[in-house]
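Chain by chain, the residues:
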Amino acid sequence: MSTDSLREVGRIGRAHGVRGELYVSLITDRVERVAPGARLLAGSTWLTVVESREQQQQKWLVRFDGVDDRTAAEKLTNSTLLAEPLPDAGDDGDALWVHELIGSRVIDQQGIERGTCIAVIDNPAHDILELDSGVLIPVTFVVSCTAGVTSVDPPDGLFDL
(Lines give C-alpha, C1' and ligand atoms only; values in the text may rest on other atoms or scores of the structure.)
Protein backbone atom coordinates (compact mmCIF):
# COMPACT_ATOMS: atom_id res chain seq x y z
CA MET A 1 0.00 0.00 0.00
CA SER A 2 1.26 3.46 -0.93
CA THR A 3 1.79 5.91 1.94
CA ASP A 4 -0.25 8.45 -0.08
CA SER A 5 -3.42 6.55 0.81
CA LEU A 6 -2.60 6.43 4.54
CA ARG A 7 -4.07 8.85 7.08
CA GLU A 8 -2.27 10.50 9.98
CA VAL A 9 -3.92 9.25 13.17
CA GLY A 10 -1.54 10.17 15.97
CA ARG A 11 1.92 10.65 17.35
CA ILE A 12 4.11 8.55 19.62
CA GLY A 13 5.27 10.37 22.72
CA ARG A 14 7.73 9.26 25.36
CA ALA A 15 8.45 5.75 26.55
CA HIS A 16 6.85 4.54 29.78
CA GLY A 17 8.54 2.04 32.07
CA VAL A 18 10.91 -0.72 31.00
CA ARG A 19 8.57 -3.06 29.08
CA GLY A 20 8.34 -1.04 25.86
CA GLU A 21 5.11 0.85 26.50
CA LEU A 22 4.69 4.20 24.79
CA TYR A 23 2.37 7.15 25.17
CA VAL A 24 0.34 7.74 22.01
CA SER A 25 -1.66 10.90 21.35
CA LEU A 26 -4.48 10.36 18.88
CA ILE A 27 -5.66 13.09 16.53
CA THR A 28 -8.78 11.11 15.71
CA ASP A 29 -11.85 10.13 17.70
CA ARG A 30 -11.62 6.60 16.30
CA VAL A 31 -10.21 4.72 19.30
CA GLU A 32 -10.08 1.49 17.29
CA ARG A 33 -6.81 2.92 15.94
CA VAL A 34 -5.16 1.71 19.18
CA ALA A 35 -7.24 -1.44 19.71
CA PRO A 36 -5.34 -4.75 19.92
CA GLY A 37 -4.51 -5.93 16.40
CA ALA A 38 -4.56 -2.43 14.84
CA ARG A 39 -1.68 -1.74 12.45
CA LEU A 40 0.07 1.63 12.44
CA LEU A 41 3.00 2.91 10.39
CA ALA A 42 5.75 4.77 12.26
CA GLY A 43 8.34 5.99 9.76
CA SER A 44 8.99 2.91 7.62
CA THR A 45 8.01 0.38 10.30
CA TRP A 46 4.59 -1.22 10.59
CA LEU A 47 3.58 -1.72 14.23
CA THR A 48 0.81 -3.93 15.58
CA VAL A 49 -0.94 -2.93 18.80
CA VAL A 50 -0.78 -5.67 21.44
CA GLU A 51 -2.58 -3.77 24.18
CA SER A 52 -3.60 -0.24 25.06
CA ARG A 53 -5.31 1.65 27.82
CA GLU A 54 -6.58 5.19 27.93
CA GLN A 55 -4.65 7.56 30.18
CA GLN A 56 -6.58 10.75 29.53
CA GLN A 57 -8.68 12.12 26.71
CA GLN A 58 -7.07 11.16 23.37
CA LYS A 59 -3.87 9.93 25.10
CA TRP A 60 -3.17 6.22 25.37
CA LEU A 61 -0.51 3.94 26.82
CA VAL A 62 0.23 1.42 24.06
CA ARG A 63 2.38 -1.70 23.74
CA PHE A 64 3.37 -2.76 20.24
CA ASP A 65 4.37 -6.24 19.06
CA GLY A 66 8.17 -6.55 18.97
CA VAL A 67 8.76 -3.45 21.10
CA ASP A 68 9.70 -5.26 24.29
CA ASP A 69 11.95 -2.89 26.20
CA ARG A 70 12.56 0.79 26.85
CA THR A 71 15.44 0.99 24.37
CA ALA A 72 13.25 -0.23 21.50
CA ALA A 73 10.44 2.08 22.62
CA GLU A 74 12.68 5.15 22.75
CA LYS A 75 13.63 4.63 19.09
CA LEU A 76 9.97 5.29 18.19
CA THR A 77 9.59 8.45 20.28
CA ASN A 78 8.16 11.43 18.35
CA SER A 79 7.11 9.30 15.37
CA THR A 80 4.01 10.25 13.44
CA LEU A 81 1.54 7.37 13.17
CA LEU A 82 -0.21 6.63 9.89
CA ALA A 83 -2.94 4.08 9.23
CA GLU A 84 -5.06 2.74 6.41
CA PRO A 85 -8.44 4.45 5.97
CA LEU A 86 -11.23 2.75 7.87
CA PRO A 87 -13.90 1.10 5.69
CA ASP A 88 -16.73 3.20 7.14
CA ALA A 89 -14.74 6.44 7.44
CA GLY A 90 -16.75 8.19 4.74
CA ASP A 91 -20.19 7.39 6.14
CA ASP A 92 -20.58 10.65 8.06
CA GLY A 93 -21.59 13.21 5.44
CA ASP A 94 -21.04 16.15 7.81
CA ALA A 95 -17.51 15.12 8.81
CA LEU A 96 -14.51 17.18 7.75
CA TRP A 97 -11.39 15.22 6.87
CA VAL A 98 -7.95 16.83 7.14
CA HIS A 99 -6.71 15.07 3.98
CA GLU A 100 -9.61 16.66 2.05
CA LEU A 101 -9.13 20.15 3.54
CA ILE A 102 -5.40 20.38 2.82
CA GLY A 103 -4.88 21.47 -0.76
CA SER A 104 -8.49 22.61 -1.22
CA ARG A 105 -9.40 26.05 -2.58
CA VAL A 106 -11.09 28.17 0.09
CA ILE A 107 -14.02 30.28 -1.08
CA ASP A 108 -16.22 32.53 1.07
CA GLN A 109 -20.01 32.85 0.83
CA GLN A 110 -19.72 35.75 -1.65
CA GLY A 111 -17.75 33.52 -4.04
CA ILE A 112 -14.40 35.20 -3.41
CA GLU A 113 -11.46 32.81 -3.44
CA ARG A 114 -9.43 33.35 -0.27
CA GLY A 115 -6.52 31.00 -0.92
CA THR A 116 -5.51 27.37 -0.59
CA CYS A 117 -5.54 25.44 2.68
CA ILE A 118 -1.94 24.42 3.39
CA ALA A 119 -2.39 23.02 6.91
CA VAL A 120 -4.90 22.23 9.63
CA ILE A 121 -3.59 23.39 12.98
CA ASP A 122 -4.60 21.37 16.03
CA ASN A 123 -6.02 23.79 18.57
CA PRO A 124 -7.74 22.96 21.90
CA ALA A 125 -10.87 24.99 21.14
CA HIS A 126 -11.27 24.27 17.41
CA ASP A 127 -8.91 23.21 14.66
CA ILE A 128 -7.75 26.08 12.44
CA LEU A 129 -7.29 26.17 8.67
CA GLU A 130 -4.05 27.84 7.59
CA LEU A 131 -4.20 29.37 4.13
CA ASP A 132 -1.27 30.01 1.80
CA SER A 133 -1.98 33.73 2.29
CA GLY A 134 -1.26 33.39 6.01
CA VAL A 135 -4.91 33.78 7.01
CA LEU A 136 -6.13 31.51 9.81
CA ILE A 137 -9.77 30.37 9.78
CA PRO A 138 -11.30 28.42 12.69
CA VAL A 139 -12.93 25.24 11.37
CA THR A 140 -16.22 26.33 12.94
CA PHE A 141 -16.63 28.68 9.94
CA VAL A 142 -16.30 25.86 7.38
CA VAL A 143 -19.64 25.23 5.69
CA SER A 144 -18.57 22.35 3.45
CA CYS A 145 -15.63 20.68 1.78
CA THR A 146 -16.33 18.84 -1.47
CA ALA A 147 -14.47 18.22 -4.71
CA GLY A 148 -11.39 20.21 -3.63
CA VAL A 149 -13.34 23.32 -2.63
CA THR A 150 -13.85 24.42 0.96
CA SER A 151 -16.68 26.87 1.49
CA VAL A 152 -16.40 29.16 4.53
CA ASP A 153 -18.72 31.68 6.19
CA PRO A 154 -16.40 33.74 8.42
CA PRO A 155 -17.39 36.77 10.48
CA ASP A 156 -16.94 40.24 9.00
CA GLY A 157 -13.37 41.49 9.23
CA LEU A 158 -11.59 38.12 9.34
CA PHE A 159 -9.84 38.78 6.05
CA ASP A 160 -9.12 42.46 6.80
CA LEU A 161 -6.09 41.81 8.99
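We now turn to the structure provided with this report. (Residues numbered from 1 in each chain as written. Predicted model: local features only at pLDDT ≥ 70, side-chain atom pairs only at ≥ 80, totals over all residues. Heavy atoms only, no water.)

**Considering the pairing of strand β5 (residues 59–64)**
Here's step 1: Bridge analysis of strand β2 (residues 21–26) against β5 gives four bridges, and the strand direction is antiparallel. Directly across from Val24, in β5, lies its bridge partner Trp60.
Here's step 2: Here strand β4 (residues 45–56) folds back onto β5 in antiparallel fashion, the turn holding two residues, of which Gln58 has a positive phi close to 65 degrees. (Pairing = 2+ DSSP bridges. Helix = DSSP H or I, 4+ residues; strand = E, 2+ residues; numbered from the N terminus.)

**Brief notes about the nonpolar core**
Here's step 1: Among the nonpolar cores identified, the biggest contains 20 residues, and Ile12, Val24 and Phe64 are the most heavily contacted of them.
Here's step 2: Among the secondary structure elements, those contributing two or more residues to this core are β1 (7–16), β2, β3 (39–42), β4, β5 and β6 (80–83).
Here's step 3: Once you skip the residues sitting within four places of it in the chain, Ile12 turns out to touch Leu22, Tyr23, Val24, Ala42, Leu47, Phe64, Leu76, Thr77, Asn78, Ser79 and Leu81.
Here's step 4: Judged by nonpolar contacts, the second largest core, of 12 residues, contains Ile137, Val139, Val152 and Phe159. (Core = buried A, V, L, I, M, F, W, Y, C linked by side-chain atoms within 4.5 Å. Buried < 20%, exposed > 50% of the residue type's maximum accessible area, 1.4 Å probe, protein only. Contact = heavy atoms within 4.5 Å.)

**A closer look at the sheet that holds β1**
Here's step 1: Taken in spatial order, the six strands of this closed barrel run β1-β2-β5-β4-β3-β6, and their pairing is antiparallel. Across the sheet, the axes of successive neighbouring strands diverge by a mean angle of 45 degrees, strand direction being ignored. (Axes fitted to C-alpha atoms, helices over the stretch in contact; angles between N-to-C directions.)

**Some details on the sheet that holds strand β9 (residues 128–131)**
Here's step 1: Taken together, six strands build an open sheet; the order of strands is β10-β9-β8-β7-β12-β11 and the sheet is mixed. Looking at which strands have only one partner, the edges of the open sheet turn out to be β10 (136–138) and β11 (142–146). In this sheet, adjacent strand axes meet at a mean angle of 35 degrees when their direction is disregarded.
Here's step 2: Across four bridges, strand β7 (residues 105–108) lies against strand β12 (residues 149–152) in parallel orientation. By the bridge assignment for β12, Val106 is matched with Thr150.

**A few points about the pattern of salt bridges**
Here's step 1: As enumerated under the stated definition, the model contains six salt bridges in all.
Here's step 2: We note a salt bridge from Glu113 to Arg105, for which the minimum N-O separation is 3.2 Å.
Here's step 3: Given a relative accessible area of 44%, Glu113 falls into the partly exposed group.
Here's step 4: A salt bridge links Arg114 to Asp108; its shortest N-O distance comes to 3.0 Å. (Salt bridge = Lys/Arg side-chain N within 4 Å of Asp/Glu carboxyl O.)

**Structural notes on the environment of Leu158**
Here's step 1: Structurally, Leu158 can be placed in the segment after β12.
Here's step 2: Taking the C-alpha atoms as reference, Leu158 lies 8.3 Å from Val135; in sequence the two are 23 residues apart.
Here's step 3: The contact partners of Leu158, leaving out residues within four places of it in the chain, are Leu136 and Ile137.

Honestly, that's just the spatial picture; any functional story needs more than this.
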